[in-house]
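Structural overview
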Amino acid sequence: MSIRIAVIGAGIMGSDHARIFAEEVPGATLRVVCDAVEERARRIADAFGSADIATEAEAVIARADVDAVVVASPDRTHTPLSLACIAAGKPVLCEKPLSQSPAECARVIAAEHALGRRCVQMGFMRRFDPSYVEMRAARLDGSIGRALMMHNFHRNVETPAADFTPDMAITNSAPHEFDVARFVLGGEFATMSAWAPDARTGKVGPVFMVLETRDAQLVTIEVNNNAAYGYDVRGELVGVNGAIALSNPVHAARDAALRHSTAYAADWRARFFEAYRRQNKAFLRFVRTGAFPPGAADAWDGTCAAVVAQAGVLALREGRKIAVELPAKPELYSFHDNS
Ligand code: ISE
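Residues numbered from 1 in each chain as written. Predicted model: local features only at pLDDT ≥ 70, side-chain atom pairs only at ≥ 80, totals over all residues. Heavy atoms only, no water.

1. Description of the packing of helix α8 (residues 175-185) against helix α11 (residues 299-318)
The cut-off we apply is this: Throughout, an axis means a line fitted to C-alpha atoms (over the contacting stretch in the case of helices), and angles, computed between N-to-C directions, take values from 0 to 180 degrees. Numbering of helices and strands starts at the N terminus; helices are DSSP runs of H or I of at least 4 residues and strands are runs of E of at least 2. Every angle not falling under 35 degrees, over 145, or within 65 to 115 is termed oblique; those three ranges are roughly parallel, roughly antiparallel and roughly perpendicular. Put simply, a crossing is left-handed when the front helix is turned counterclockwise from the back one by less than a right angle, and right-handed when it is turned clockwise. Any two residues having at least one pair of non-hydrogen atoms within 4.5 Å are treated as being in contact.
Put simply, α8 and α11 touch, their axes get as near as 9 Å, and they point 120° apart. Taken together, the axis directions place α8 and α11 in an arrangement best described as oblique. Handedness of the crossing formed by α8 with α11: right-handed. Across the interface between the two elements, P175, F178, D179 and R182 from α8 touch W300, D301, C304, A305, V308 and A309 from α11.

2. Looking at the site of the ligand
For clarity, the threshold we go by: One heavy atom suffices: a residue is near a molecule or strand as soon as one of its heavy atoms comes within 4 Å of it. The term polar contact refers here to a pair of N or O atoms within 3.5 Å; inside protein, the definition further demands a hydrogen-donor-capable atom paired with an acceptor-capable atom, and it admits residues adjacent in sequence only when both atoms are side-chain atoms. Each accessible area value is a Shrake-Rupley result obtained with a 1.4 Å probe; residue values ignore everything except the protein chains displayed when judging cover. Space inside and on the surface of the protein is sampled on a 1 Å grid over the protein atoms alone, with a cavity defined as a set of points where a 1.4 Å probe fits but cannot get out and a pocket as an open set with protein on both sides within 12 Å along at least 5 of 7 lines; lining residues have an atom within 4 Å of a point. Molecule-in-pocket calls rest on the fraction of atoms, with more than half required to lie within 2 Å of the cavity or pocket grid points. Each residue receives one of three labels: charged for Asp, Glu, Lys and Arg, nonpolar for Ala, Val, Leu, Ile, Met, Phe, Trp, Tyr, Cys and Pro, and polar for the others, Gly being one of them.
In the region of the ligand, the neighbouring residues are K96, H154, N156, P160, F164, N172, S173, H176, N225, Y231 and W268. K96 places a side-chain nitrogen or oxygen 2.9 Å from an oxygen atom of the ligand. Surface burial for the ligand is 95%, taken as the share of its 300 Å² of free accessible area covered by protein chains. A molecule is said to occupy a pocket when more than half its atoms come within 2 Å of that pocket's grid points, and by this definition the ligand occupies the largest pocket. Here the shell around the ligand is composed, by residue class, of four nonpolar, six polar and one charged.

3. So, the layout of surface pockets
What counts here: Grid points are joined across faces, edges and corners, and a volume is the space filled by probe spheres set on the points.
Here the largest pocket is characterised by a volume of approximately 950 Å³. As for the largest pocket, its lining consists of 38 residues, of which A72, S73, P74, D75 and N172 are closest to the centre. The set of elements that each furnish at least two residues to the lining of the largest pocket consists of α1 (12-23), α4 (78-88) and α7 (168-173). Among the residues forming the lining of the largest pocket, the class breakdown is 18 nonpolar, 13 polar and seven charged. In this structure, the second largest pocket spans a volume of roughly 310 Å³. Within the residue set of the lining of the second largest pocket, elements represented by two or more residues are β13 (253-256), β14 (259-262) and α9 (268-271).

So, in structure tokens, the structure goes:
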């Protein structure tokens with residue numbers, strides 16, 4: 001039987017998740033597109049063949065003809081809507097971040113603990129990107145020796161929305177690196193330091209972070225939400241005997257007029273096209289089988305990202321190294337294979 005999906009939020013990510021479930025992942029039916037602005041919901045529903053539209057998210061979650069939910073609405077709604085899905089016992093693919101507040105994340109952890117099972121799959125899709133999967137495998141198979149450092153660049157053409165604040169470089173964009181570094185290295189962060197050059201552009205400027213892991217490794221992260229030239233995400237894992245770097249899925253190289261050139265993606269949807277497809281396919285398997293997808297991110301990973309982001313905002317504000325203090329990991333996530 002086809003899995004009936006509701007997408008909440010008809011913005012950039014809601015639209016792409018609707019497209020993926022309607023066109024890229026067999027076995028799913030786009031049942032409802034929900035947005036506070038009916039016209040936005042209608043436009044996405046018409047584009048991807050959703051049977052229905054709605055404007056009230058909580059009512060959509062409760063519908064008997066909805067098996068699973070995608071939360072792609074504004075960040076501030078991610079926790080309350082995830083809690084509503086847990087209360088309804090419905091699997092939810094929640095776009096990152098789970099929350100910008102670790103205390104809010106704790107409410108989701110407590111709700112899943114009370115339910116006795118995980119409902120929330122976090123939208124940290126880079127865990128499904130073939131290059132990052134290969135990078136983690138290289139750490140596990142010993143081919144580069146013990147991992148020492150991981151360097152990360154995360155550059156957007158421009159901020160994705162008008163209400164994107166300077167802190168969101170750390171709380172909205174950098175959680176991808178906070179999570180994927182944990183996924184690749186298999187450990188937790190111990191400290192965070194952060195700096196920001198003065199771009200003097202009046203726009204959200206770059207942030208540079210250096211994190212230490214509990215295993216004395218170093219992770220550097222540059223986030224630049226207004227890099228202008230292209231969507232450019234780079235990563236390199238450095239071991240004692242070698243290194244492994246991400247390869248950007250470039251589709252063509254052009255030779256003309258004494259130049260050799262390749263094009264950058266305009267934003268993350270094209271750069272991580274395959275990662276989103278694999279992530280959403282894994283979510284569908286989760287809904288169908290009830291087995292949480294190996295390697296996927298859960299509410300505990302969402303909590304860890306929020307704690308690290310909060311440390312990053314504090315480190316930048318106070319200009320000093322901040323300890324990353326995670327809460328105790330509840331039993332429900334104890335078998336959590338992040339090693
Ligand atoms: C956006 O929300 C994403 O998730 C993208 O992957 C990231 O590159 C961008 O910076 C975020 O704002």
